[in-house]
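Architecture at a glance
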Amino acid sequence: MSRPCFVTVEGIEGAGKTTCLELLRVRIEARGQRLLVTREPGGTPLGEELRNVLLGHRHDGMADDTELLLMFAARAEHLHARIEPALAAGSWVLCDRFTDATYAYQGFGRGIDLERIRALEDWVQGPRRPDLTLLLDLPVELGLERAGKRSAPDRFESQAMAFFERVRRGYRELARAAPQRFRVIDAARSLDQVSRQVVDEIDRFLDEHGL
Ligand code: Z5A
């Protein structure tokens, strides 16, 4: 039996992660794999409280380092309480955002030195890294337009356009640096076209794992 995999989905706001996650869930479970679907920041009771702190407007002026450390505090709890136990029990894990989001938002977006993020990544995660990451890539204006149709903007969604341009550029650089792990999906296309590519990518990955 092949080992369970850790799959993550990334992208700027409004990229279509929600639809993508559901497609992935259906395809992975159809191959008979048990699956934990979760998200960051969040995924545990403590992580969800930290998510409210991070996304809400109660702490609008929080320091960039505070934001970074809270992201990793939520991640440490998530790994300890849910991700590692699930993988150890043979379940796949599908996560809406993970540490690539920290590189993209806190690193490229806020301007925190990437080496500091790498140090925290090593400390909190040990050797754990995703096996597969789907990056939904689309122009910032389109993502914000899609996201904006829903609800009042949270603390991240209230950032200026230039911030999201840096985040998008960051994600693309991360994908270029790790082509064996990333699959980049052009999320500007129709929902049908995007869905087809997502299904193709995960089916190929599952085939490669003999499932
Ligand atoms: N964050 C961070 O800074 N550092 C970290 O380490 C981590 C996170 C882990 C919360 O994430 C915030 O935390 C996030 C980064 C930061 N910043 N923000 N904001 P989140 O994932 O919970 O929040 P989000 O990015 O805002 O999620 P989202 O807006 O829900 O994005 P989405 O899930 O990708 O979008 P969606 O709901 O699937 O799609 C948006 C709309 O577009 C929806 O109406 C769809 O029906 C529509 N859509 C989707 N695809 C299409 C296509 N192809 N055509 C037409 N319409 C479409």
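Notes on the structure in this doc start here.

About the criteria used
Residues numbered from 1 in each chain as written. Predicted model: local features only at pLDDT ≥ 70, side-chain atom pairs only at ≥ 80, totals over all residues. Heavy atoms only, no water. Buried < 20%, exposed > 50% of the residue type's maximum accessible area, 1.4 Å probe, protein only. Helix = DSSP H or I, 4+ residues; strand = E, 2+ residues; numbered from the N terminus. Contact = heavy atoms within 4.5 Å. Pairing = 2+ DSSP bridges. Axes fitted to C-alpha atoms, helices over the stretch in contact; angles between N-to-C directions. Salt bridge = Lys/Arg side-chain N within 4 Å of Asp/Glu carboxyl O. Phe/Tyr/Trp six-rings, centres within 6.5 Å; stacked < 30°, edge-to-face > 60°. Lys NZ or Arg CZ within 6 Å of the ring centre and 35° of its normal. Core = buried A, V, L, I, M, F, W, Y, C linked by side-chain atoms within 4.5 Å. Polar contact = N/O pair within 3.5 Å; in protein donor to acceptor, adjacent residues only side chain to side chain. Disulfide = S-S within 2.5 Å.

This part covers helix 4 (residues 99-109). For helix 4, the tally of buried residues reaches 11 of 11 residues, placing the bulk of the element in the interior. Regarding helix 4, the residues found buried are Thr99, Asp100, Ala101, Thr102, Tyr103, Ala104, Tyr105, Gln106, Gly107, Phe108 and Gly109. Packed against the buried residues of helix 4 are strand 1 (6-11), helix 3 (64-88), helix 5 (114-125), strand 4 (132-137), helix 7 (161-177) and strand 5 (182-186). Positive backbone phi, at 95 degrees, marks Gly111, one or two positions downstream of helix 4.

Let us look at the sheet that holds strand 4. Across the sheet, five strands lie side by side as 2-3-1-4-5; this open sheet has parallel pairing. Looking at strand neighbours, the two that pair on one side only are strand 2 (35-39) and strand 5, the edges of this open sheet. Strand-to-strand twist across the sheet, computed as the mean angle between neighbouring axes with direction ignored, equals 20 degrees. Of the strand pairs in this sheet, strand 2 and strand 3 (residues 92-96) are connected by five bridges, and their pairing is parallel. Across the sheet, residue Arg39 finds its bridge partner in strand 3, namely Asp96. Helix 1 (residues 17-30) rests against strand 1, strand 2, strand 3 and strand 4 of the sheet, and its axis sits at about 175 degrees to strand 3. Of the strands in this sheet, strand 1, strand 4 and strand 5 are in contact with helix 4, which crosses strand 1 at around 25 degrees.

Inspection of every chain in the model, using the stated rule, returns 26 salt bridges. Among the ionic pairs, Asp203 bridges to Arg31, the shortest N-O distance being 3.7 Å. Residue Asp203 is found in helix 8 (residues 191-208), and its partner Arg31 is found in the loop between helix 1 and strand 2; the two are separated by 172 residues along the sequence. On the accessibility criterion, Asp203 (15% relative accessible area) is buried.

Let's shift gears to the packing of aromatic side chains. This model, assessed by the stated rule, comprises six aromatic pairs. Arranged with centres 6.3 Å apart and planes meeting at 80 degrees, the rings of Tyr105 and Tyr171 form a pair that is edge-to-face. One end of the pair, Tyr105, is in helix 4; the other, Tyr171, is in helix 7, with 66 residues separating them in the sequence. Judged by relative accessible area, which is 1%, Tyr171 ranks as buried. Through a chain of ring-to-ring contacts, three or more aromatic side chains come together here, namely Tyr105, Phe156, Phe163, Phe164 and Tyr171. Stacked on the ring of Phe98, the Lys or Arg Arg75 has its end atom at 5.1 Å from the ring centre. A cation sits over an aromatic face here: Arg155 above Phe156, 5.1 Å from the ring centre.

A few words on the nonpolar core. Among the nonpolar cores identified, the biggest contains 50 residues, and Leu24, Trp92, Tyr105, Leu136 and Tyr171 are the most heavily contacted of them. The element that contributes the greatest number of residues to this core is helix 7, accounting for six residues. Grouped together as the second largest cluster of nonpolar side chains are nine residues, Leu36, Leu79, Ile83 and Leu87 included.

Below, the discussion takes up the pairing of strand 3. Along any regular strand the residues' side chains alternate between the sheet's two faces. A large share of strand 3 lies buried, amounting to five of its five residues. Burial of the side chains of strand 3 extends over both faces: Trp92, Leu94 and Asp96 are buried on one face and Val93 and Cys95 on the other.

This paragraph deals with the side chain of Glu13. Counting through the fold element by element, Glu13 comes out in the loop between strand 1 and helix 1. Side-chain polar atoms of Glu13 contact the side chain of Tyr105, separated by 2.5 Å.

Looking at the secondary structure, you find Cys95 in strand 3. Taking the C-alpha atoms as reference points, Cys95 and His78, separated by 17 residues in sequence, lie 11 Å from one another. With residues up to four places along the chain from it excluded, the contact list for Cys95 reads Phe6, Val7, Thr8, Val9, Leu21, Thr38, Arg39, Glu40 and His78.

Here we take up the state of the cysteines. Two cysteines form a disulfide when their sulfur atoms are joined by a covalent bond. Scanning all chains against the criterion turns up zero disulfides. Its sulfur unpaired, Cys5 is 15 Å from the next cysteine sulfur, which belongs to Cys95. Using a relative accessible area of 0% as the deciding quantity, one classes Cys5 as buried. You can see Cys20 has no disulfide; the closest cysteine sulfur is in Cys95, sitting 13 Å from it.

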